[in-house]
Amino acid sequence: MAGDPVYAATVCAGAAAWLTVGREQGPRRARLLLAGGGPVELPPRWSWQRLLPVVRLRREWLCLPAALVIAVLGKSVLPLVAGAVAVPLVRRRLRARERRRERERRAEGVIALCGAVAGELRAGLQPGQALLFAARSTGVLGAAEAAVLAAARFGGDVPQALREAARQPGADGLAGVAACWRVAVDSGAGLAAGLDRLEAALRAEWDQRQELRAQLAGAWSTAVLLAVLPLVGLAMGWALGADPLGVLLRTAAGLVCLVVGGLLEAAGFCWAMRIVRGREET
C-alpha cells in the first residue's frame, strides 16, 4: 500500500527521537547522581516561562501596533510618528512603576525580616544564625545580602553591613535593625524585644500607607476616566457614521484641535497625577 512507507518512516522518526531523548536524559541522570550535591549545569530547555519576562519588558512596543491600526483607520502617518515617540515615554513609565513595586516589596520584606529574626531568637538560635536564616528566607537584602551574611557568619560588623543595605530603595527599615543590633551588642539588651517594637512601628507605617492608597484609589480612577473620555467621544462619532480620525489627521483645523487638545489633556492628566502622587508621598 502507498501509505505503508509513510507509516514506516513516521515510526522510525519517532523511535529515533525517543532514543535521542533517552540518550540525553541518561547523562543528565548520571550527572545528577554523581555531582555530590554540587551545582549541575543542565542544557537549557525551551519554555514559555522564559519568554514571559521578555514580553513583560517589551510591553512599551505595543504602542506601535496600536499606532499602526489608528494610522490605517485615519489614513495618515501621524499616528505612527506619535507611536514611535510614545515608546520611550511608556518605557520610562513602566520602569518607574516597576521600581516603585520593587521598593514596596523590599519595605514589606524588611518587616518580615524583623519578625523572622525575632522568632528565630526566641527559638534558641544565636543572633548571627537567626539573621542568616531570616535573610535567606525573605530575600530582602538584595545586592547587599552577601556582605551582611558574611559579617553575620564570620563575626564582622553586622550593623555597618545592615546600614549599607538600608541604602537600597525601600530598605530604610534595615537602619532600625542595625540600631537594634548595635544596642543589643553594646548594652546586652534583648535583640528580640527591640525587633518586635521595630516590626510593630514599621507595620503601623505600612498599614497607614496602604490605607491612604485605598482612599486615593477614587482619585486615580477619576483621573484615568477623564483621560479616556476623548477616546469615548471619538468612538461615538465613529458609531454615528462620522469620520473623526479623518478630520483630526487630514485637515488643518483638525490638526490644530488635535495638538491643542492633546497638550491640554496631557497637562491635566499630569497635574492630577502629581497631586495624587504628592498626597501618597506625604
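All residue numbers refer to positions counted from 1 along the written sequence of the respective chain. Owing to the predicted nature of the model, reporting of local features is limited to residues with pLDDT of at least 70; listing and counting of side-chain atom pairs is limited to 80 or more, with chain, interface and lining totals taken over all residues. No hydrogens and no water enter the side-chain calculation; it runs on all heavy atoms of the structure.

## Details of the packing of helix H3 (residues 63–74) against helix H4 (residues 78–122)
Here is the rule: Axis geometry follows a simple rule: fit a line to the C-alpha atoms, using only the stretch in contact for helices, then measure angles between N-to-C directions, giving values from 0 to 180 degrees. The numbering of helices and of strands both runs from the N terminus, where a helix is a DSSP run of H or I of at least 4 residues and a strand a run of E of at least 2. Note on angle classes: values under 35 degrees are labelled roughly parallel, values over 145 roughly antiparallel, values of 65 to 115 roughly perpendicular, and the remainder oblique. Left-handed is the label given to a crossing in which the near helix is rotated counterclockwise from the far helix by less than a right angle, and right-handed is the label when the rotation is clockwise. Contact criterion: two residues are considered in contact whenever any of their non-hydrogen atoms come within 4.5 Å of each other. Polar here means any residue outside two lists: the nonpolar Ala, Val, Leu, Ile, Met, Phe, Trp, Tyr, Cys and Pro, and the charged Asp, Glu, Lys and Arg; Gly therefore counts as polar.
One can describe the packing of H3 onto H4 by two numbers: an axis separation of 8 Å at closest approach and a directional angle of 160°. Taken together, the axes of H3 and H4 lie roughly antiparallel to each other. You can see that H3 and H4 cross each other, and the crossing is right-handed. Between H3 and H4, the residues in contact are Cys 63, Leu 64, Ala 67, Leu 68, Ile 70 and Ala 71 and Pro 79, Leu 80, Gly 83, Ala 84, Ala 86, Val 87 and Val 90, respectively. Residues that form the contact of H3 with H4 fall into these classes: 12 nonpolar, one polar and no charged.

## Some points on the nonpolar core
Applicable threshold: Nine residue types can take part in a nonpolar core, namely buried Ala, Val, Leu, Ile, Met, Phe, Trp, Tyr and Cys, and a core is a set of them joined through side-chain atoms within 4.5 Å. The rule is simple: take the accessible area with a 1.4 Å probe, protein chains only, and divide by the maximum for that residue type; under 20% is buried, over 50% is exposed, in between is partly exposed.
Ranked by internal contacts, the top residues of the largest apolar core, which has 37 residues, are Val 117, Leu 131, Leu 174 and Leu 195. Here this core takes seven residues from H4, the largest share from any one element. Setting aside its immediate chain neighbours within four residues, Leu 131 contacts Leu 113, Val 117, Val 148, Leu 149, Ala 152, Val 158 and Trp 181. Residues Leu 212, Trp 220, Ala 223 and Val 276 belong to the second largest nonpolar core, which totals six residues.

## A look at unusual backbone geometry
Its identity as a non-glycine residue notwithstanding, Lys 75 has a phi of 55°, on the positive side. Mapped onto the elements of the fold, Lys 75 is located in the loop between H3 and H4. For Lys 75, a relative accessible area of 66% translates into the label exposed.

## Examining the pattern of salt bridges
This is how it is decided: Salt bridge, as used here, is a side-chain nitrogen of Lys or Arg placed within 4 Å of a carboxyl oxygen of Asp or Glu.
In total, this model carries 10 salt bridges according to the counting rule given. Across the salt bridge formed by Arg 91 and Glu 60, the nearest N and O atoms sit 3.2 Å from each other. Of the two residues, Arg 91 sits in helix H4 while Glu 60 sits in the loop between helix H2 (48–57) and H3, which places them 31 residues apart along the sequence. On the basis of relative accessible area, Arg 91 is assigned to the partly exposed category, the value being 22%. Of the charged contacts in the structure, one is a salt bridge between Arg 182 and Asp 157, with a shortest N-O distance of 3.2 Å. Highlighted residues: Arg 182 in helix H8 (residues 173–187) and Asp 157 in the loop between helix H6 (145–154) and helix H7 (158–165), separated in sequence by 25 residues. Here Arg 182 falls in the partly exposed class, since its relative accessible area comes to 30%. Its relative accessible area of 39% is what places Asp 157 among the partly exposed residues. Look at the salt bridges and you will find they share partners, linking Glu 98, Glu 102, Arg 105 and Arg 106 into a network.

## Here's the deal with the environment of Pro 244
Within the secondary structure, Pro 244 sits in helix H11 (residues 244–250). Assessed through its relative accessible area of 15%, Pro 244 is described here as buried. The sequence separation of Pro 244 and Gly 74 amounts to 170 residues, and the corresponding C-alpha distance is 8.4 Å. Residues within four places of Pro 244 in sequence aside, it is in contact with Leu 234, Gly 237 and Trp 238.

## Notes on H7
For the record, the criterion: In this description, the arc belongs to the directions extending from the helix axis to the C-beta atoms. Think of a polar contact as two N or O atoms within 3.5 Å of one another; within protein, one of them needs to be a possible hydrogen donor and the other a possible acceptor, and neighboring residues in sequence only count if both atoms come from side chains.
Of the residues making up H7, those classed as buried are Val 158, Pro 159, Ala 161, Leu 162 and Ala 165. Looking down the long axis of H7, one finds its buried residues gathered within 160° of arc, a one-sided arrangement. Taking the backbone nitrogen of Gln 160 as reference, a side-chain oxygen 3.4 Å away marks Asp 157 as the first, capping residue of H7.

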